[in-house]
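# Examining the three-dimensional arrangement
The primary structure of each chain is shown beneath.
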Amino acid sequence: MTDYPVDSKPAGSDEQYMRKAIDAAHIAEENGDVPIGAVIVHKDQIIGKAYNQREQLNDPTAHAEIVALTQAASSLGSWRLHGCTMYVTLEPCPMCAGALVLARMDRLVFGCDDPKAGACGSLYDIVRDERLNHRLEVTSGVLQDECRELLQRFFAGRRDKP
């Protein structure tokens, strides 16, 4: 779905991986889409890196998280993404949170909360719901200000256009 290059050996901190997700979010913005980026890491290697492509593909499911999940599954040759961490600039929505659970992702790290559609603690908590057969470890607020500012600037620019 995306032609964004996948790095082979990035540095290892949450902040460094989130910066890669922010870089991907800038590409979404350049393409006229909501600037959200996602990176999936397995054994210190990025195996999925994507950005929102809903406008570009006219696909309501082309969220950064979904595209990155597809890449990661292809890279591992399995839909089960055990041992993987997703870094995403905005708290995942219900669709993406459900996909993370179904993919058996181990960990989620996100930048800023989404009070209107967040499903990882804000409105819902799908990824930690004990009724489901899998749960994720969640870390929120990584580079939160940068992630929030990117989104706020994008939407302010949209409101300023006639």
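This write-up is about the structure you can find in this document. Quantities reported herein were computed from a predicted structural model and do not represent experimental measurements. (Residues numbered from 1 in each chain as written. Predicted model: local features only at pLDDT ≥ 70, side-chain atom pairs only at ≥ 80, totals over all residues. Heavy atoms only, no water.)

A separate point is the overall build of the protein. In terms of helices and strands, the protein carries 5 helices and 5 strands. The N-to-C order of helical and strand elements in the protein reads α-β-β-α-α-β-α-β-β-α. A compact globule built from 162 residues should have a C-alpha radius of gyration of about 15 Å, and the protein, at 15 Å, falls within 12% of that. In terms of overall dimensions, the protein has a C-alpha envelope of 45 × 35 × 30 Å along the principal axes. Considering the protein as a whole, with its 162 residues, one finds that 50% of them fall into the buried category. For the protein, contacts bridging at least 24 residues in sequence account for 60% of all contacts bridging at least 6. Within the structure as shown, the protein displays about 8,000 Å² of accessible surface, and the carbon and sulfur contribution to it stands at 47%. Across the protein, the centroid of the 18 positively charged side chains sits 3 Å from that of the 24 negatively charged ones. (Helix = DSSP H or I, 4+ residues; strand = E, 2+ residues; numbered from the N terminus. Rg over C-alpha atoms; globule rule 2.2 N^0.38 Å. Buried < 20%, exposed > 50% of the residue type's maximum accessible area, 1.4 Å probe, protein only. Contact = heavy atoms within 4.5 Å. Areas by Shrake-Rupley, 256 points an atom, 1.4 Å probe, with all protein chains shown as cover. Lys, Arg positive; Asp, Glu negative; His and termini not counted. Charge placed at Lys NZ, Arg CZ, Asp CG, Glu CD.)

A separate point is helix H5 (residues 144-160). Between its first and last C-alpha, H5 extends 24 Å over 17 residues, near the 24 Å set by a 1.5 Å rise per residue. Within H5, the full set of buried residues consists of Cys147, Leu150, Leu151 and Phe154. With its buried residues spanning 85° around the axis, H5 presents them on a single face. Exposed side chains of H5 directed beyond 90 degrees from the buried face belong to Arg159 and Asp160. Those residues of H5 that are buried lie in contact with helix H1 (14-30), strand S3 (84-90) and strand S4 (107-112). (Expected span 1.5 Å × (residues − 1). Arc of directions from axis to C-beta.)

With respect to the secondary-structure elements, Leu151 resides in helix H5. Sequence spacing of Leu151 and Glu29 is 122 residues, and the spatial spacing of their C-alpha atoms is 9.3 Å. Beyond its immediate sequence surroundings of up to four residues, Leu151 is in contact with Val34, Pro35, Ile36, Leu90 and Cys112.

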